[in-house]
Amino acid sequence: MPEIRKGPYPELTWTGVIVGWFLGAIIATSIGYAALLLGFSIEGSELAAILGWGILRGLLRRTSIVENNINQSIASAVTAASSGMMFSVPALFILSGEYEGLTDFNRALMIFGCVIGAIVGLSFVIPLRKQMIDFNRLAYPGGIATAAILKSPGAGAKKAMFMLGAALFSGAVHFWVLKYSDGISEHISHEELHLGDMLGLPSYLNIAFYLSVMTIGVGFLSGRSGLWFGAGGFLCYWFLAPLLSLFGSQDVQAIVQEGPGPLRSVLFRPSGIGMLIGAAVGSIVFAAPMIKSAIQSMQKAARDASGAASDEMPIRQLYLGVGLGSLLLIGVGYLTVPDMSIGTAAAMAFVGVLWIWIAGVIVAECVGRTNWSPLSGMTLIAVTILTFLASGLTDTQAIVASVMMGAAICVAISQASDMMLDLKAGYLVGAKPRMQAYGQYLGTWLGPIVVMGLILVLHNAYGLGSEKLPAPQGQALASMIQGIIGGDVPTYRYGAGAGLGLLFALSGFGGIGVLVGLGFYMPFAIVLTYTIGNLLRLAADKTMGNKWVEDVGIPVSAGLIVGEALVGVGNAMVIVISNIGAGA
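Residues numbered from 1 in each chain as written. Predicted model: local features only at pLDDT ≥ 70, side-chain atom pairs only at ≥ 80, totals over all residues. Heavy atoms only, no water.

**Quick notes on the overall build of the chain**
And step 1. Tallying secondary structure elements over the chain gives 25 helices and three strands in all.
And step 2. Across the 584 residues of the chain, 58% fall into the buried class.
And step 3. Sequence separation of at least 24 residues holds for 83% of the intrachain contacts in the chain that already meet a minimum separation of 6.
And step 4. About 22700 Å² of surface is accessible on the chain, with carbon and sulfur atoms providing 65% of the total. (Helix = DSSP H or I, 4+ residues; strand = E, 2+ residues; numbered from the N terminus. Buried < 20%, exposed > 50% of the residue type's maximum accessible area, 1.4 Å probe, protein only. Contact = heavy atoms within 4.5 Å. Areas by Shrake-Rupley, 256 points an atom, 1.4 Å probe, with all protein chains shown as cover.)

Given below as structure tokens:
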């Protein structure tokens, strides 16, 4: 006769915590690598829930749903540092060729600042749980998907096997591409298949495919909404480029004839940056009602701090997190560069904490309604403001200080968004919000360490901002900083893009504006390969049905991301070690 459990199921356990840290490090590495390639991030909660059942149920024979929920909360908290830091820190390395000393920043201080930022972001957003989830009933599609995995432990173990198999396949394919693809054909180089050259088409059409099954996997996960990313690239190279080649001025026609590289860097990329900024500004205007409801929710949480909320995290602890974290951010700002004054550090910390709260509310609400995060635009705005505040410093010191504080802000906003998504999943599986919040805090320390190490390894091997790792969000931020510091801003291109992005946002389609802007910005080979994944998802939805997509398609796609990313990072580590050996 099977044993009947008595009492509560295990929830916040050391087993769940350690598994969460382990999976978080793997997923953060994978998603961080993908973010440097594609310019946007994906949620780690579903991946952690699937892999969690593979370990907790498949290997350790543990069956508590709420324990796996803690595992995925901790793992996704570790992963949240990926988007937060990958959207900001690479700007220092990208700009290092023009400003001496940018890469000499204090690594330990950067990590510490990001951990403090994460704590502040969580402390701000946790009191909004009742407002956003219990009362407003925001959907949080990612949270619903995670809860569905948590509720099906047997299926979760099978999904883990699909993910593992796909990871092995993806890793093998990427190893072959890295080591053996160049030289097979004159039309294959730099991990791209130049189909347009094979067909004799004009170079400005830029028909080349990036040889990456990871990119196909990300496109599959994005589905129909990801087609807007492709639409931006198609608009650039298959509509605007032919028009410019026929009707543009002589200077513009000369740029078009030089090929897709100059066309992208001179014309399309500045417009894409402008669209990112315009969509972010529009999101703030659009979010005024959200901010008002957030204030009311925090006031209500303070009034209800007594006995009614035994399952909620005490509001005093959250206020302590905000207050202490704010003071520590002043210290972080003061230590970023030698010439920083305490007044400037305090001003940067005050603006940063205020922006964490405002942007955290906006991002959490956007993710709840649409599963889209305007994190990149919020980071651009934050670092822009911080750069102006640091204008009394030398150029190098102003850039270092603003990016280091900006990274802490970006991680905070990312954590706030992830916390609400995870709380939605916990709400659906009967978890205690207090336990889940504690679990999220336990995951904040590891992510910045993993991601900082990943950034250093990848930069030393490939160079951030290179064709191999374009780091599009970092390049966008670097371009903005360069424009502010140097006064060299292509105003009309930024302005045109910003106007279009603002129009998208105020029409309620801010997420579309960001995706189209990234399509303008990204190398078109990546856009084309990504679109293959979008189309495969549409075909699978129509022919195979939702159950097949959930049980097979999504785990396989996740595995394609993990496998290629780990091989790419492993190859980078081999290159770095070899370079060290050659230098010795």
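And the narrative resumes.
**A word on the pattern of salt bridges**
And step 1. Per the stated rule, a full pass over the model turns up five salt bridges.
And step 2. Across the pair K468 and E191 runs a salt bridge, and its minimum N-O distance is 2.9 Å. Of this pair, K468 sits in the loop between α20 (446-461) and α21 (472-486) while E191 sits in the loop between β1 (188-189) and β2 (192-193), and the two are 277 residues apart along the sequence. Comparing K468 with E191, the two get one shared label, buried.
And step 3. A network of salt bridges, in which partner residues are shared, links K159, K547 and D551. (Salt bridge = Lys/Arg side-chain N within 4 Å of Asp/Glu carboxyl O.)

**Some words on the packing of helix α17 (residues 375-389) against helix α18 (residues 395-429)**
How two helices pack is summed up by the angle between their axes together with the distance between the axes.
And step 1. Where α17 contacts α18, the two axes come as close as 9 Å, and the packing angle between them is 150 degrees. Relative to α18, the element α17 is oriented roughly antiparallel. Our pair here, α17 against α18, has a crossing hand that is right-handed. In this structure, α17 uses L375, M378, T379, A382, V383, L386 and T387 to contact α18, whose residues at the interface are S402, M405, G406, I409, C410, I413 and S414.
And step 2. Across the contact of α17 with α18, the residue classes break down as nine nonpolar, five polar and no charged. (Axes fitted to C-alpha atoms, helices over the stretch in contact; angles between N-to-C directions. Parallel < 35°, antiparallel > 145°, perpendicular 65-115°, else oblique. Left-handed = near helix turned anticlockwise from the far one by under 90°. Nonpolar A, V, L, I, M, F, W, Y, C, P; charged D, E, K, R; others polar.)

**Some details on the packing of aromatic side chains**
And step 1. By the definition in use, this model includes 11 aromatic pairs.
And step 2. Pairing Y237 with F268 gives two aromatic rings, centres 5.3 Å apart and planes at 80 degrees, and the pair type is edge-to-face. Of this pair, Y237 sits in helix α11 (residues 227-247) while F268 sits in helix α13 (residues 260-286), placing them 31 residues apart in sequence.
And step 3. Feature note: the residues F234, Y237, W238, F268, F520 and F524 constitute an aromatic cluster, connected by ring pairs.
And step 4. The aromatic ring of F105 is capped on one face by R107, whose charged end is 4.6 Å from the ring centroid. (Phe/Tyr/Trp six-rings, centres within 6.5 Å; stacked < 30°, edge-to-face > 60°. Lys NZ or Arg CZ within 6 Å of the ring centre and 35° of its normal.)

**Examining the side chain of S181**
And step 1. Within the element layout of this structure, S181 appears in the loop between α8 (153-180) and β1.
And step 2. Here V177 takes part through its backbone oxygen, which lies 2.5 Å from a polar atom of the side chain of S181.
And step 3. In contact with S181, other than residues within four places in its own chain, are W176 and I188. (Polar contact = N/O pair within 3.5 Å; in protein donor to acceptor, adjacent residues only side chain to side chain.)

**A word on the environment of F112**
And step 1. Structurally, the position occupied by F112 is in helix α5 (residues 107-125).
And step 2. F112 sits 220 residues away from V332 along the chain, and the two C-alpha atoms are 8.0 Å apart.
And step 3. Once you skip the residues sitting within four places of it in the chain, F112 turns out to touch L328 and V332.

**Some remarks on a nonpolar patch on the surface**
And step 1. Together, F112, L320, L324, L327 and L328 make up an exposed nonpolar region whose accessible area comes to about 480 Å².
And step 2. Counting residues per element, the nonpolar patch draws most heavily on helix α15 (residues 315-335), at four residues.
And step 3. Along the chain, L324 falls in helix α15. (Patch = residues over 30% accessible without salt bridge, like charges linked within 9 Å, V, L, I, M, F, W, Y side chains within 5 Å.)

**Describing unusual backbone geometry**
And step 1. Here the phi dihedral of N206 falls at roughly 60 degrees; this positive angle occurs in a residue that is not glycine.
And step 2. Tracing the chain through its elements places N206 in the loop between α9 (195-199) and β3 (209-210).
And step 3. The phi dihedral of A471 is positive, around 45 degrees, even though this residue is not glycine.
And step 4. The residue A471 is located in the loop between α20 and α21 in this model.

**What to know about α11**
And step 1. Given a rise of 1.5 Å per residue, 21 residues ought to cover 30 Å, and the 28 Å separating the end C-alpha atoms of α11 matches this to within 8%.
And step 2. The largest bend in α11 comes to about 40 degrees, at L240, with the proline P242 one to four residues further on.
And step 3. Every buried residue of α11 is accounted for by F229, G230, G232, G233, C236, Y237, A241 and S245. (Expected span 1.5 Å × (residues − 1). Bend = angle between axes of the 7 residues up to and from the residue.)

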